[in-house]
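Remarks on the overall topology
Each chain, letter by letter, is given below.
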Amino acid sequence: MSIEDRISGFRTRLEDYNSRLDSLRGHFDVEAREEELRELNARIEDPALWEKPEEAQKLMQDRTRLERTLKNYGDSTTALEEALMLFEMGADEGDQATQVEAVETLDAVQKEIEAMELARMLGGETDAESAFLDINAGSGGTEAQDWAEMLLRMYLRWAERKGFKTELMECTAGEEAGIKSATVSIKGEYAYGFLKAEVGVHRLVRKSPYDSGNRRHTSFASVFAYPDIEKEIEIDIDPSDVRTDTYRASGAGGQHINKTDSAVRLTHIPTNIVVQCQNDRSQHKNRAAAWNMLKARLYEHELNLRNAEKQEIEDSKTDIGWGHQIRSYVLDQSRIKDLRTGMETGNTQAFLDGDIDAFVQAQLMGIKRGDSSGE
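Conventions adopted
Residues numbered from 1 in each chain as written. Predicted model: local features only at pLDDT ≥ 70, side-chain atom pairs only at ≥ 80, totals over all residues. Heavy atoms only, no water. Helix = DSSP H or I, 4+ residues; strand = E, 2+ residues; numbered from the N terminus. Expected span 1.5 Å × (residues − 1). Buried < 20%, exposed > 50% of the residue type's maximum accessible area, 1.4 Å probe, protein only. Arc of directions from axis to C-beta. Contact = heavy atoms within 4.5 Å. pLDDT = per-residue confidence, 0-100. Pairing = 2+ DSSP bridges. Axes fitted to C-alpha atoms, helices over the stretch in contact; angles between N-to-C directions. Core = buried A, V, L, I, M, F, W, Y, C linked by side-chain atoms within 4.5 Å. Polar contact = N/O pair within 3.5 Å; in protein donor to acceptor, adjacent residues only side chain to side chain. Salt bridge = Lys/Arg side-chain N within 4 Å of Asp/Glu carboxyl O.

Here we take up helix H3 (residues 30-44). Taking 1.5 Å per residue, 15 residues should reach 21 Å; H3 reaches 21 Å between its end C-alpha atoms and fits that length. Of all the positions in H3, only Val30, Leu37, Leu40 and Ile44 are classed as buried. Angularly, the buried residues of H3 cover 70° about the axis, an arc narrow enough to put them on a single face. Elements that come into contact with the buried residues of H3 comprise helix H2 (10-28) and helix H4 (53-93).

Looking at the chain as a whole, the pLDDT averages 85, with 89% of positions reaching at least 70. Element-level mean pLDDT values for the chain span from 53 in helix H9 (residues 308-316) up to 97 in helix H10 (residues 348-352). Scored below 50 in pLDDT, residues 252-258 makes 4 contacts in the model with residues more than four places away or belonging to other chains.

Another point: the environment of tyrosine 192. Relative to the assigned elements, tyrosine 192 resides in helix H7 (residues 191-195). Exposure remark for tyrosine 192: the relative accessible area of 3% places this residue in the buried category. In sequence terms tyrosine 192 and glutamate 129 are 63 residues apart; their C-alpha atoms lie 5.8 Å from each other.

This part takes up the sheet that holds strand E10 (residues 335-338). Across the sheet, which stays open at both edges, the 8 strands sit in the order E2-E3-E1-E5-E4-E9-E10-E11 with mixed pairing between neighbours. A strand with exactly one partner marks an edge of an open sheet, and here the two such strands are strand E2 (165-173) and strand E11 (344-345). Two elements, strand E1 (residues 130-137) and strand E3 (residues 179-187), share 6 bridges in a ladder whose sense is antiparallel. Paired with leucine 133 across the two strands is valine 184, which belongs to E3. The strands touched by helix H11 (residues 357-364) within the sheet are strand E9 (325-330), E10 and E11, with E10 carrying the most contacts at an inclination of about 20°.

Attention now moves to the nonpolar core. In this structure, Leu151, Tyr155 and Tyr329 are the most contacted members of the largest nonpolar core, which totals 61 residues. The contacts of tyrosine 329, once residues within four sequence positions are left out, are Trp147, Leu151, Met154, His202, Arg203, Leu204, Val205, Arg335, Ile336, Phe351 and Leu352. Counting 29 residues, the second-largest nonpolar core is a separate cluster that includes Phe10, Ile44, Tyr73 and Phe87.

Right, let's get into the sheet that holds strand E8 (residues 273-277). With antiparallel pairing, 3 strands are arranged side by side in an open sheet as E6-E7-E8. With partners counted over all chains shown, the strands left at the sheet margins are strand E6 (242-247) and E8, one partner each. In this sheet, adjacent strand axes meet at a mean angle of 15° when their direction is disregarded. Here strand E7 (residues 263-268) pairs with E8 via 5 bridges, running antiparallel.

Here the focus is the side chain of glutamine 278. For glutamine 278, the location among the structural elements is in the loop between E8 and helix H8 (283-305). Classification of glutamine 278 as buried rests on a relative accessible area of 14%. Here the side chain of glutamine 278 touches cysteine 171 through a polar contact of 2.9 Å, landing on its backbone oxygen.

What follows concerns unusual backbone geometry. Phi is positive for asparagine 272, close to 60°, though the residue is something other than glycine. Along the polypeptide, asparagine 272 turns up in the loop between E7 and E8. A positive phi angle is found at serine 334, which is not glycine, with a value near 50°. Positionally, serine 334 belongs in the loop between E9 and E10. Here serine 334 falls in the partly exposed class, since its relative accessible area comes to 39%.

This brings us to the pairing of E2. Examined bridge by bridge, E2 and E3 share 8 bridges and lie antiparallel to one another. Each residue of the ladder has a partner; that of threonine 172, found in E3, is serine 181.

Time to look at the pattern of salt bridges. Per the counting criterion, the structure on display carries 29 salt bridges. Notably, a salt bridge pairs arginine 65 with aspartate 62, separated by 3.4 Å at the nearest N-O pair. Of this pair, arginine 65 and aspartate 62 both sit in helix H4, 3 residues apart, roughly one helical turn. Among the ionic pairs, aspartate 228 bridges to lysine 187, the shortest N-O distance being 2.7 Å. One end of the pair, aspartate 228, is in strand E5 (residues 216-228); the other, lysine 187, is in strand E3, and 41 residues separate them in sequence. A residue is classified by how much of its surface remains accessible, and aspartate 228, at 8% relative accessible area, is buried. What makes lysine 187 partly exposed here is its relative accessible area of 33%. Overlapping salt bridges, with partners in common, bring together Lys58, Asp62, Arg65, Arg68 and Glu189 in one network.

Put into C-alpha cells, the structure is as follows:
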C-alpha cells in the first residue's frame, strides 16, 4: 500500500479503532475494574494477608492482570487522541512525514486493540490459569507415535516462545520411536486459555521415514488441555474412589535408569479419569503431584458437566481418527490447514517449531477464512 493510500485511509481506521475501544470499554466495564483494583490494593496492604502466602500470591497476580488491562486500554485511548492531533497538524502544515508518523501510531494501536480483543475471548472462569497438556498417539504404531512426539516438541517450542515454564510430568515412550503419551505442565498466564483452542485430533499426512517404500501415511494424535488451578481447589475426593498404581519410570537406560517403582498412576474410578506422574525420583513427590493433577482434572470435569460443548470435546478424546480432526498437516505438500477456521500456512517447519499463534487466535476469535473442508 502506498504512503498516499495509508494517509487517505487514516480517518476510516481511526473511526474503526475508536468504535472497537468503545466496545472493549463496555465489555471490560472499566469503572468496575478500577473499583476492583482499589479493593485489591486495600486487601494487599493488609499485613494479615501475608500470613497466607498462597492467597497473597494469587491476589498479586490478579492485581497485575487488572493493572495491565487498564493501562493498555488507557494508553490506546490516549494514543488515538494524539494520533489525530498529529495527523491534523501535518495536514494543516502540508507535512506528509508528520501524517505518516500519525499513521504509524495507528499501526501500533491496532496491535494493542487486537491483543485486548483476544483477551476478551479469554474470559472463561479458568482461562487465565496455567495448563496441563495431554498428547496421545492414535492407532498406527511407530508412525503415529512419532507424530505424537512431533506435537509434543511443537507445544514445548510454542511455550518457550511465550515465555512459559514447562515440565514433563509423564511420558511413555513408543516401542521403536516417538511416544505413546505425554503430559506437560505449562506454567504461564492464560496458558489454558490459549491451549484450549488446540484441543482435538491432529492429522498428519507425509511420506513416512519408517516405510522402506517411502509411501504416504496418515497418522492421528489427540491433544487435550485442562487448567492447572494454582489456588486451592475445593474438590472432595473419597480416597476409596481412587486406585493407586506404582510402576518403574521409563527412561533412556544406562546408569541413570530408575530402579524403583517411583512413578505413580491414579485412577478415579467413578469418572475413569487417569493421571500419571514420573518426573521425580521420589515416589512421594510424584504421588503429591499426581493428586494435584487429579484435583485439577476433576475440577475441569465439573465445569464440563455445566458446558455441553466442552463435554463433547472431552468425549471425543477417546476416538483418535477420521472425522474428528481439527487440523491437517500435509507435509509433502507443505500445507497445514485448520479445518475449523480455514486458516492455512505453507511454512510447515516454522509451524512445527511452535509458530502457531495466528491459528490459535483465529480459533479463539471465531475467524473463518474460506472453505473449511479437509483433504
